[in-house]
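Examining the three-dimensional arrangement
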Amino acid sequence: TASNELQPLESMISDAERFKNSEYLTLQCSCGSSFKFGGIQASKDYMITHHGVQCNRCSTNFSNLRVTSQLEKIIRANISLYYSGWLYCDDVTCGIVTRQISVYGRRCIGHSGKAHGCKGIMRYRYSDKQLYNQLLFFDSIFDVDKAKKRSLKPLYEEQGEEDKENVKPITQGALDALCEQNRDFFDICRGVINRYLNNSGRRYVDMGSIFEFMVPEQKA
Ligand SMILES: [Zn+2]
Ligand SMILES: [Zn+2]
C-alpha cells in the first residue's frame, strides 16, 4: 500500500530539502495582495510585527482569524485533493490520468479501456506521504524556534526569482523578540494544523486511517 512508502523523517535533513516540493501557504490580504507566507523571515510582501502578519502593500495587520481561517481552508483543500483520488499511469509513454478505479485493479486500463496495450501500474497522484509532508511544512512555518535558528524553508530559494537586495534581513535581536511576541498566536496556528496531524500519537502515520472520517459515505 501507499503507506508502506512512509519513511521516518531524518532529523539531519534541512527544511529546504524536506519541503522542497511542498506548497507555500498563500495569504490573501483585504487589499487584494496575495503572497507566499514563509513564517518569521524577511519578505518583500509581508512583515512580522509584534502582533502578527502585516501586509507590505497596504500596511494592514491580519487579524488572527484571517490567518487561521485561510490556513484551515488550504489544509482542507489539500485533503480534498488527496481524496479526489486522481490516478496516473507510471508508464511515462502512456500518460493516462483518471479517477476511474479499474475493475482490473492497479493495472492501467490503457487507451482501449480494457487493460491491454499498457503494462503500467496506476498510482495515486497525490500520495498520503505527500499530504503528510505538506501538513508538516505548514506546521514548520509557525515554529518560532525554527525561525529563531533561521532554519525555515527560505522564501527565495531560486536564484533570480526575487531581488534579494530589496529584502532586508531581520537582525538576530529583532528576530528573537518577534518570535517571542508571536509565539502564542503561532502556537494557535500550529494547533489548527495539529488537529489534522495528531489523531495518532505516532509521527509516522497512515493518512488513510487519519482521514477516514472525511471519506464521503458510499452511495447506495
Ligand atoms: Zn494589504
Ligand atoms: Zn498506462
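Anything mentioned here points back to the structure above.
Quantities reported herein were computed from a predicted structural model and do not represent experimental measurements. (Residues numbered from 1 in each chain as written. Chains lettered and ligands numbered in written order. Predicted model: local features only at pLDDT ≥ 70, side-chain atom pairs only at ≥ 80, totals over all residues. Heavy atoms only, no water.)

**Regarding the overall build of the protein chain**
Heads up, the rule is: Helical segments are the DSSP runs of H or I of at least four residues, strand segments are the runs of E of at least two, and each set is numbered from the N terminus. Summary of the burial criterion: residues with accessible area below 20% of their type's maximum are buried, those above 50% are exposed, and those between are partly exposed, where the area comes from a 1.4 Å probe applied to protein chains only.
Within the protein chain, the secondary structure is distributed over six helices and seven strands. Traced from its N-terminal end to its C-terminal end, the protein chain shows the element sequence α-β-β-β-β-α-β-β-β-α-α-α-α. Per-residue burial over the protein chain gives 41% buried out of 220 residues.

**Some points on the coordination of the zinc ion (ligand 2)**
Test applied: Counted as coordinating are nitrogen, oxygen and sulfur atoms within 2.8 Å of the metal, or 3.2 Å for Na, K and Ca, while water is not included, which may make sites look incomplete. Metal sites are grouped by the angles between bound donors: all angles between 85 and 135 degrees with four donors is tetrahedral, opposite donors over 155 degrees apart with the others between 65 and 115 is square planar for four donors and octahedral for six, and any other pattern is irregular.
The coordination sphere of the zinc ion (ligand 2) contains the protein donors C89 (SG), C94 (SG), C108 (SG) and C118 (SG), at a distance range of 2.3 Å. For the zinc ion (ligand 2), the four donor atoms are set out with angles of 107 to 113° between them, so the coordination reads as tetrahedral. Read from N- to C-terminus, the donor residues coordinating the zinc ion (ligand 2) fall into the pattern C-x4-C-x13-C-x9-C. Taken together, the positions of C94 in the loop between strand 5 (87-89) and strand 6 (97-98) and C108 in the loop between strand 6 and strand 7 (122-124) put the pair 14 residues apart, joining distant regions of the chain.

**Considering the packing of helix 2 (residues 64-83) against helix 5 (residues 172-197)**
Note the threshold: For helices, the fitted axis covers only the stretch in contact; all axes are lines through C-alpha atoms, and the angles between them, taken along N-to-C directions, range from 0 to 180 degrees. Note that the term roughly parallel is reserved for angles under 35 degrees, roughly antiparallel for angles over 145, roughly perpendicular for angles of 65 to 115, and oblique for everything else. Less than a right angle of anticlockwise turn of the near helix away from the far helix marks a crossing as left-handed, whereas a clockwise turn marks it as right-handed. Whether two residues touch is decided by their heavy atoms; if any such pair falls within 4.5 Å, the residues are in contact. Note on residue classes: Ala, Val, Leu, Ile, Met, Phe, Trp, Tyr, Cys and Pro are nonpolar, Asp, Glu, Lys and Arg are charged, and everything else, Gly too, is polar.
Where helix 2 contacts helix 5, the axes come no closer than 10 Å and their chain directions differ by 20°. Relative to helix 5, helix 2 is oriented roughly parallel. The chirality of how helix 2 crosses helix 5 is right-handed. Residues N64, V67, T68, L71, E72, I75, R76 and I79 of helix 2 form the contact with helix 5, whose participating residues are F185, I188, C189, V192, I193, R195 and Y196. Considered class by class, the residues forming the contact of helix 2 with helix 5 number ten nonpolar, two polar and three charged.

**Some remarks on the coordination of the zinc ion (ligand 1)**
Within the first shell, the zinc ion (ligand 1) binds the protein through C29 (SG), C31 (SG), C55 (SG) and C58 (SG), at distances of 2.3 Å. Bound by four donor atoms, the zinc ion (ligand 1) shows angles of 101 to 113° at the metal and therefore tetrahedral coordination geometry. For the zinc ion (ligand 1), all donor residues lie on one chain, and their spacing in sequence is C-x1-C-x23-C-x2-C. Residue C29 is classed as buried on the basis of its relative accessible area of 6%.

**Examining the environment of L175**
Considering the arrangement of structural elements, one finds L175 in helix 5. When the C-alpha atoms of L175 and R150 are compared, they prove to be 9.1 Å apart, with 25 residues separating the residues in sequence. When residues no more than four places from it in sequence are discounted, the contact partners of L175 are I40, A147, K148, R150 and I170.

**So, the environment of C108**
On the accessibility criterion, C108 (0% relative accessible area) is buried. On a C-alpha basis, the gap between C108 and C94 in space is 9.1 Å, while along the polypeptide they are 14 residues apart.

**Concerning the packing of aromatic side chains**
In plain terms, the rule: Stacked, edge-to-face and tilted labels apply to pairs of Phe, Tyr and Trp rings (six-membered ring for Trp) whose centres lie within 6.5 Å, assigned for plane angles under 30 degrees, over 60, and everything in between, in that order. Lysine and arginine charges are scored as sitting over a ring when NZ or CZ, respectively, is within 6 Å of the ring centre and within 35 degrees of the ring normal.
Taken as a whole and judged by the stated rule, the model has ten aromatic pairs. With a centroid separation of 6.1 Å and 75° between ring planes, the pair formed by F185 and F186 is classed as edge-to-face. Against the face of Y24 rests K36, its NZ or CZ located 4.5 Å from the ring centre. Directly above the ring of Y24 sits K153, whose terminal nitrogen or CZ lies 4.5 Å from the centroid.

**A few points about the pairing of strand 2 (residues 34-37)**
For clarity, the cut-off: Any two strands between which DSSP finds at least two bridges are classified as paired.
Two strands pair when backbone bridges link them, and strand 1 (residues 25-28) and strand 2 are joined in this way by four bridges, in the antiparallel orientation. Bridging across to strand 2, T26 finds its partner in K36.

**With respect to the packing of helix 2 against helix 3 (residues 128-141)**
Their axes nearest at 10 Å, the elements helix 2 and helix 3 cross at an angle of 170°. Classified by the angle their axes make, helix 2 and helix 3 are roughly antiparallel. Together, L71, I74, I75, N78, I79 and Y82 of helix 2 and D128, L131, Q134, L135 and F138 of helix 3 make up the contact between the two elements. Tallied by class, residues from the contact of helix 2 with helix 3 come to eight nonpolar, two polar and one charged.

**With respect to the pairing of strand 4 (residues 52-55)**
Sheet topology places strand 3 (residues 46-49) next to strand 4; four bridges connect them, and they run antiparallel. Residue pairing for strand 4: T49 is matched across the bridge by G52. If you look at the hairpin formed by strand 3 and strand 4, you'll find two residues sitting between the two strands.

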